[in-house]
Amino acid sequence: MTTEHLNPCAAIATDVAVIGAGAAGMFQVFQLGLQGLHVHLIDALPHLGGQCAELYPHKPIYDLPGIKTCTGAELVERLREQIAPFAPTLHLGQQVQTLQQQDDGRWLLGTTAGTQLLAKAVVIAAGVGSFVPKTIKVEGIEALVGHSVHYHPADLGRLPLQGQQVLVHGGDELAVQAAIDALAYQPASVTLMHRRAVFNAPQALLDQLQAQQDAGRIQVLAAQPLALQATGTNLQSVEVSLPDGSTQTLPVQQWLAYQGISPKLGPVADWGLELVKKQLPVHTGTFVTEAPGIYAVGDINTYPGKRKLLLCAFHEATLAAFSIVEYLTGEPVLLQYTTTSTKLHERLGVQHQSFTEQAKTAG
């Protein structure tokens, strides 16, 4: 695969590494947990959920078995609860950059955060690619990222906002919520900027914004950035263009950017795996790729009759989990049912009851 040097001795050994913490990746963790395998779960986003969390958190999903309707955010929360008994190790806010097969057949992964994993098997559940924030096209901004410019920060409490002049840049719910939440950290000022003074957010949140605006705690500005002034990594001001064509210079020390995200295939293309139209061909009985020990589930894979549906991704993750156990043990997997299996109940952390005991309890 890639030839970038990693150090296997410094890597964390694990059963399986799952790349992608969207719905497919989370359900993959559950299925592998049922098989007694521990998982390290990696995602470029700073939180779980992938497309469900980023693209349709509040939109209804109607085609999940047994669930009449739920939103993307609700599905993510249900999956989070479902995988909790298996305590996967999370590596969020980082991408897998390198993937190398070792002499013993295991796979060495290296991430953008410097994490190294040595996995017996790898599942790629990267969807349509890694979701990365859309960047702001202003000269000199790259040097400020992570210091005074922050793209989609997951935890405002980790940022030095107290006493600072804060610019929140974006037009959707995340930006509005961030502007309101920033007030809790006692900034000198908060400005919410979007190209139009119209925001795509729930009415209740817009009402909160209006209340804070009326109280003078948040300034709302229709503008677009033109240039910035900084000393080293310290932002000082941002020059913006106003709707009437004039310009204005805003004093800004912390710039929180919520310009949306976009999927990019990213490093997957550099791993040497066969790709067909930016997707990984897999065997439909095992969901293994051309590389032994590398599996692919969800939107990232392709095969005859493929349908990009969550229901199909859950089916793929189930068969992949059985296949991985058989690959690692060389033995066929005994089929067990969560309704009756004592072993599965132990792994799930639920108390096993016989049918007789269940009948007594029900009676």
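Here the structure is a predicted model, which means the values were calculated and not measured.

Q: Help me understand the pairing of strand E6 (residues 96-101) in this model?
A: Along a regular strand, successive side chains alternate from one face of the sheet to the other. The sheet contact formed by E6 and strand E7 (residues 107-111) spans five bridges and is antiparallel. Each bridged residue has a counterpart across the sheet, and for Thr98 the counterpart in E7 is Gly110. Connecting E6 to the next strand, E7, in antiparallel fashion are five residues, including Gly105 with a positive phi near 95°.

Q: Quick question: what am I supposed to make of the sheet that holds strand E10 (residues 149-151) here?
A: Pairing between the strands of a sheet comes from backbone hydrogen bonds, and it takes one of two forms, parallel or antiparallel. Spatial strand order, E10-E17-E11-E12-E13: five strands in an open sheet with parallel pairing. One side of each edge strand has no neighbouring strand; the edge strands of this open sheet are E10 and strand E13 (218-222). Between one strand and the next, the sheet's axes are offset by a mean angle of 20°, whatever the strand orientation. In the sheet, strand E12 (residues 189-194) pairs with E13 via five bridges, with the strands oriented parallel. Looking at E13, one finds that His194 is bridged to Ala222. Where helix H4 (residues 173-182) meets the sheet, its contacts fall on strand E11 (165-169), E12 and E13, and the angle it forms with E12 comes to roughly 170°. Sheet strands touched by helix H5 (residues 203-214): E12 and E13. Its angle to E13, the strand with the most contacts, is close to 105°.

Q: I tried to follow the domain arrangement of the protein on my own but got confused; where do I start?
A: The accessible area lost on association of the parts is a frequent measure of interface size. By the assigned domains, the protein splits into domain 1 (12-131 + 262-348) and domain 2 (135-259). Between the C-alpha centres of domain 1 and domain 2 the distance comes to 35 Å.

Q: Before we go on, may I ask you to explain the pairing of E11 in this structure?
A: With four of its five residues buried, E11 lies for the most part within the structure. A crossover connection joins E11 to the parallel E12 through H4; in handedness this β-α-β unit is right-handed. Where E11 meets strand E17 (residues 254-257), four bridges bridge the pair, whose relative direction is parallel. Looking at the pairing, Val166 lines up with Gln254 of E17.

Q: Would you take a moment to explain the packing of helix H1 (residues 23-34) against helix H3 (residues 72-83) for this structure?
A: Geometry of a packed helix pair, given as the angle between the helix axes and the separation of the axes. Packing of H1 against H3 brings their axes to within 9 Å, and their N-to-C directions diverge by 20°. Relative to H3, the element H1 is oriented roughly parallel. H3 is crossed by H1, and the crossing has left-handed handedness. Facing H1, whose interface residues are Ala23, Met26, Phe27, Val29 and Phe30, H3 presents Leu75, Val76, Leu79, Arg80, Gln82 and Ile83. Taken together, the residues of the contact of H1 with H3 break down into nine nonpolar, one polar and one charged.

How each quantity is defined
Residues numbered from 1 in each chain as written. Predicted model: local features only at pLDDT ≥ 70, side-chain atom pairs only at ≥ 80, totals over all residues. Heavy atoms only, no water. Pairing = 2+ DSSP bridges. Helix = DSSP H or I, 4+ residues; strand = E, 2+ residues; numbered from the N terminus. Axes fitted to C-alpha atoms, helices over the stretch in contact; angles between N-to-C directions. Contact = heavy atoms within 4.5 Å. Domains from an automatic or database assignment. Buried < 20%, exposed > 50% of the residue type's maximum accessible area, 1.4 Å probe, protein only. Right-handed = clockwise from strand over helix to strand, strands pointing away. Parallel < 35°, antiparallel > 145°, perpendicular 65-115°, else oblique. Left-handed = near helix turned anticlockwise from the far one by under 90°. Nonpolar A, V, L, I, M, F, W, Y, C, P; charged D, E, K, R; others polar.

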